[in-house]
Amino acid sequence: MEAWFDPFLRFADSPWSYLLVGVMAFLDAILPIVPSETSLIACGVFGTVAGSPNLFLLILIGAAGAFAGDNTAYAIGRWAEPFATRRMLSGERGKKARAQAENWLNEYGGMMIIAGRYIPGGRTAISLTAGIVDYPWSRFRKWSAVGAVTWATYATLLGYWGGAAFKDSPLKGIVAGLVAAAVMTVLIELIRRVIAWRKKRRAAERGAVEREKPDEKADEKADEKAAE
């Protein structure tokens, strides 16, 4: 094991590692640039290699931080919409993110609150937009709890896998976990795009059928007149 990793292992062995994971998971729901997933994966690797931090506690604290962050973003969207729109969903990119999040909530509801945790920036846009459009908080907190637990479990287990695969090289374990997370993110985004494309195609086909119906009726009337 690399000697220069010893300070990181000592940090991971302290209660500060749990605080770091919880705070980052909380902030990531409001500031998407915060590397909460990276911190969970890294601590999961250290927990597997050195036995500390405890993986179960990592999941519990990471999920609690993520749940608190999601609901804070929801509250900002609901009670401070002007601030959310001006500061957190500003610019053309922010407007597109809000519109997309609103469409996702309308079409998929709670399932998109869970899936949004795995899409870069998705968790923030969806939580804020849910508050802005008055998505029922009772439903939001239920789905955000499920999303927080599954996300924290997923990230910690990626760290466990990386640590188990590279016990003599924690850095390789962290890199492996991050690469696996990136691949999963790309796959989820591809699946989402395919589903959206298929839905649009079906809608276009239905629209074409609806447009043809009046013409068919007109042809029938013309045939009846001709028969008379």
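Presented here is an overview of the structure given in this document.

So, how was this worked out
- Residues numbered from 1 in each chain as written.
- Predicted model: local features only at pLDDT ≥ 70, side-chain atom pairs only at ≥ 80, totals over all residues.
- Heavy atoms only, no water.
- Helix = DSSP H or I, 4+ residues; strand = E, 2+ residues; numbered from the N terminus.
- Buried < 20%, exposed > 50% of the residue type's maximum accessible area, 1.4 Å probe, protein only.
- Contact = heavy atoms within 4.5 Å.
- Phe/Tyr/Trp six-rings, centres within 6.5 Å; stacked < 30°, edge-to-face > 60°.
- Core = buried A, V, L, I, M, F, W, Y, C linked by side-chain atoms within 4.5 Å.
- 1 Å grid on protein atoms, 1.4 Å probe; cavity = no way out; pocket = protein on both sides within 12 Å on 5 of 7 lines; lining within 4 Å.
- Points joined across faces, edges and corners; volume = space filled by probe spheres on them.

Topic: the side chain of S52
By secondary structure assignment, the location of S52 is in the loop between α3 (36-50) and α4 (55-79). Of the residues examined, S52 reaches a relative accessible area of 15% and is grouped as buried. Excluding residues that lie within four positions of it along the chain, S52 makes contacts with A12, D13, F46 and G47.

Quick word on the packing of aromatic side chains
Considering all chains together, one arrives at 2 aromatic pairs under this definition. Centre to centre, the rings of Y74 and F140 are 4.7 Å apart; their planes meet at 25°, and the pair counts as stacked. Here Y74 is found in helix α4, whereas its partner F140 is found in helix α9 (residues 137-165), with 66 residues between them in sequence. Under the relative-accessibility criterion, Y74 is labelled buried at 3%. For F140, a relative accessible area of 0% puts it in the buried group. Relative to Y154, the ring of Y118 lies with its centre 5.2 Å away and its plane at 70°, an arrangement referred to as edge-to-face.

Description of the nonpolar core
With 19 residues, the main nonpolar core has L40, L58, W151, A152, Y154 and L158 as its most contacted residues. When contributions to this core are tallied by element, the ones reaching two or more residues are α2 (16-28), α3, α4, α9 and α10 (170-227). Considering each element in turn, this core owes the most residues, 6 residues, to α9. Ignoring any residue separated from it by four or fewer positions in sequence, one finds Y154 in contact with E37, Y118, A181 and M184.

Thoughts on empty space enclosed by the protein
Counted under the stated rule, the structure contains 1 cavity of 30 Å³ or more. Roughly 30 Å³ of volume is contained in the largest cavity. Around the largest cavity sit D70, I113, G116, R117, R123, I126, S127 and F140, which together line it. In terms of residue count, helix α8 (residues 122-132) provides more of the lining of the largest cavity than any other element does, 3 residues in total.

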